[in-house]
Amino acid sequence: MQPVIETRNLRKEFGRKVAVADLTIAVQAGEIFGFLGPNGAGKTTSVKMLLSLTAPTEGTATLLGRPLGDRLARARVGYLPEHFRFHEWLTAAEFLDLHGRLYGMSKAQRDEAVPHLLALVGLTVRADTKLGAFSKGMLQRIGLAQALLNDPELVFLDEPTSGLDPLGRRLVRDIIKELRQRGTAVFLNSHLLSEVEQTCDRVAFIRDGAILRTSTLEAFEEESFPVVLRVGQPTPELLAGLAIFAAHVSLEQANGRITLHLDDEAQLPRLAAWVIEQGHTLYELTPMRLSLEERFLKIVGEDASEG
Amino acid sequence: MSFLIFSGLTVREAQRRRILIVALIMGLAFLLLFAVGFHYVYLQMEKDGVTGGQQGEIITSFMLTAGLYAANLLIMVIAVLVSVTTISGEIDSHTIDALITKPVRRWEVVLGKWLAFAVLLAIYTLFLAGGLMFIVYLRAGYSLDNVPAGIALMVLQALIILSITIAGGTRLSTLANGVLAFTLYAIAFLGGWVEQIGALFRNEAAVDIGILTSLIMPSEILWKKAQSIFQPQLTSNPYTAGPFAISSQPSDLMIIYGAIYMIFFLVFAMWSFTTRDL
């Protein structure tokens, strides 16, 4: 099956500044793809290139199998911009109707889609309110509705939850889940990692304009299994002996906790038995799962948090 | 035909932002002031018994020309003000992002906005210039020659400044764009006067400077052309037309040049907006 997004060595320079150095990714149909990176990593520039707001300096890409900038492809794409500012003198319903017309939808299609989407984002009662009177969260909701008007095959969401309260975030999560069920691919730009963790199938980490790593969330789970161990009197012999279970064993002097990375969960009972056989008192044996945030910091590097 | 969506949107914006209603009310106030002023001047002329002869015609024509001159200036300023933020403002605020990622061509945004403003400015020119002429005709029975052609030249002049402002807006910030448009207008204005005074004293260098500025910005020259076809006899004589005299007759070629100039900047604006990064 053809990917909905496929890029090869996409690069963007602004004068001497390299915003995106080398973007090579493939997003499959129906996939929820998280695009993660610190501020200034090149996330928004990447999205702008894919949507032809900005022309790439080098490289090639296709969107829904068509070259960048193709209008037929754009008719099947939805986009919520990061800076969602809309014409504030339009009412919510007029705004959606306008964007429906820009998608080339007929009057009948718009009359059906607009009330449905207003209901989806919880703004039915605000249909005739001008956008100028909307809060940031409401603007983001109407922006989201605008991105779904054409029943797209691919939706770009650039920081969709950054302005939202917890209820709004939940709404976005629910909409993404619904899109997944419908088979719509979602390209989610975000630095709210807990959101990504709950919604995405696969993530790419970007820093300084280059992809550091792309992986499914499942693969992360499988790749290593950190465990924290606390025993009565950790001896150097114990630490040396633990090397048969894991290559990296570290002891935290302050609290006596030993961290090691097992290959899989099945080693856990054997580890417990071995520690007791060696005559140690076992106080704690805790399997740890790295949250996406911890992985992000590990992969992207804590020093890159400022962009 | 998506550009018509943008035209409709632009007109709706002008209406919602109360540009149309304020322009209408202030335009009416402008015409009312002129009507009252002209009425009293003409009343005095009637008392003095000078309405029939050449003197009466000169005074009537002078007042109407002054009114048209002020209206022309107002139309130029409004042409810049309404269009100066239309592209650059939407780029700065990112409202454009969600619009042009739809299956539309970028040039359609430019053409649609231009068309909407062009129609509004044409209507406004007709309203102000036609209103002034109508008032003078009602009160004094005086009418100008070549009214449709003259008003068309005033409209062309407004469309030239509109095209330049929209073209500037695709690359410049709103303020820089305003500076560009008004400065070009001022250069043309000054050059026009240098040319006329130069012609009066038969100084070729001064006339050449005027012609050069007309090529850089053919707005003032079109106004002068409009004036000279409105009142062919009176305006050619500095003693009957005073400061509005046209000693150096604008060539008909300038009309063609002005039209090409306008189209060039419109096409440039469409190209410039299509090729820029957002």
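Sequence order as written defines the numbering, with residues in each chain counted from 1. Whichever chain is written first becomes A and whichever ligand is written first becomes 1, with later ones labelled in order. Selection of residues for local features in this predicted model requires a pLDDT of at least 70, selection of side-chain atom pairs for listing and counting requires 80 or more, and totals for whole chains, interfaces and linings are taken over all residues.

## Considerations on the domain arrangement of chain A
Many descriptions give the size of an interface as the accessible area lost when the pieces come together.
Then, in step 1: Delimitation of the domains relies on an automatic or database domain assignment. Domain parsing of chain A yields domain 1 (5-217) and domain 2 (224-293).
Then, in step 2: Here domain 1 of chain A and domain 2 of chain A have C-alpha centroids that lie 44 Å from each other.

## With respect to the interface of chain B and chain A
Then, in step 1: The interface of chain B with chain A comprises 18 residues on the first partner and 21 residues on the second.
Then, in step 2: Any residue outside Ala, Val, Leu, Ile, Met, Phe, Trp, Tyr, Cys, Pro, Asp, Glu, Lys and Arg is labelled polar, Gly included; the first ten of those are nonpolar and the last four are charged. In terms of residue class, the side of chain B that touches chain A is built from seven nonpolar, five polar and six charged. The contact criterion used is a C-beta to C-beta distance within 7 Å, with each C-beta placed from the backbone.

## Some points on the sheet that holds strand S14 (residues 257-262) of chain A
Residues and elements named next belong to chain A.
Then, in step 1: One open sheet holds the four strands; their spatial order is S13-S14-S12-S15, and the pairing between them is antiparallel. The sheet is open, and its two borders are formed by strand S13 (249-252) and strand S15 (282-287), each paired with just one other strand. Going across the sheet, the axis of each strand differs from the next one's by a mean of 20 degrees, ignoring polarity.
Then, in step 2: Sheet analysis places strand S12 (residues 225-231) next to S14, joined by six bridges and oriented antiparallel. The criterion for strand pairing is that DSSP finds at least two bridges linking the strands in question. A run of DSSP states H or I qualifies as a helix once it reaches four residues; a run of E qualifies as a strand once it reaches two. Both are numbered from the N-terminal end. To get an axis, fit a line to the C-alpha atoms, keeping to the stretch in contact for a helix; angles then go from 0 to 180 degrees between the N-to-C directions.

## Quick word on the packing of helix H3 (residues 54-84) of chain B against helix H6 (residues 106-140) of chain B
Residue and element names in this part refer to chain B.
Then, in step 1: It is the contact of H3 with H6, at a shortest axis distance of 10 Å, that shows an interaxial angle of 165 degrees. Accordingly, the angle class assigned to the pair H3 and H6 is roughly antiparallel. Here H3 and H6 pass one another in a crossing that is right-handed. Taking contact as the criterion, the partners of Thr60, Leu64, Gly67, Leu68, Ala71, Leu74, Ile75, Ile78, Ala79, Val82 and Ser83 in H3 are, on H6, Phe117, Leu121, Tyr124, Thr125, Leu128, Ala129, Leu132, Met133, Val136 and Ala140. These descriptions rest on fixed angle ranges, namely under 35 degrees for roughly parallel, over 145 for roughly antiparallel, 65 to 115 for roughly perpendicular, and the rest for oblique. Take the far helix as the reference: if the near one is turned anticlockwise from it by less than a right angle, the crossing is left-handed, and if turned clockwise, right-handed.

## Structural notes on the environment of B:Ile78
Residue and element names in this part refer to chain B.
Then, in step 1: Within the secondary structure layout, Ile78 lies in helix H3.
Then, in step 2: For the pair Ile78 and Ala158, spaced 80 residues apart in sequence, the C-alpha separation works out to 9.0 Å.
Then, in step 3: Not counting residues within four places of it along the chain, the set of residues in contact with Ile78 comprises Ala23 and Tyr124.

## Topic: the pairing of strand S9 (residues 185-190) of chain A
Residue and element names in this part refer to chain A.
Then, in step 1: Here S9 lies mainly inside the structure; six of its six residues are buried.
Then, in step 2: Whether a residue is buried, exposed or partly exposed is read from the other C-beta atoms within 10 Å of its own C-beta, which are placed from the backbone; 20 or more gives buried, 12 or fewer gives exposed, and intermediate counts give partly exposed. Burial along S9 is two-sided: Ala185, Phe187 and Asn189 facing one way and Val186, Leu188 and Ser190 facing the other are all buried.
Then, in step 3: Note: strand S4 (residues 32-36) against S9, five bridges, orientation parallel. Counted as the bridge partner of Gly34 is Leu188 from S9.
Then, in step 4: Two elements, strand S8 (residues 154-158) and S9, share five bridges in a ladder whose sense is parallel. Across the sheet, the residue bridging to Val155 is Val186, located in S9.
Then, in step 5: Consider the strands pointing away from the viewer: the crossover is right-handed when the path from the first strand over the helix to the second runs clockwise. This β-α-β element, S8 to helix H6 (residues 166-182) to S9, shows right-handed connectivity.

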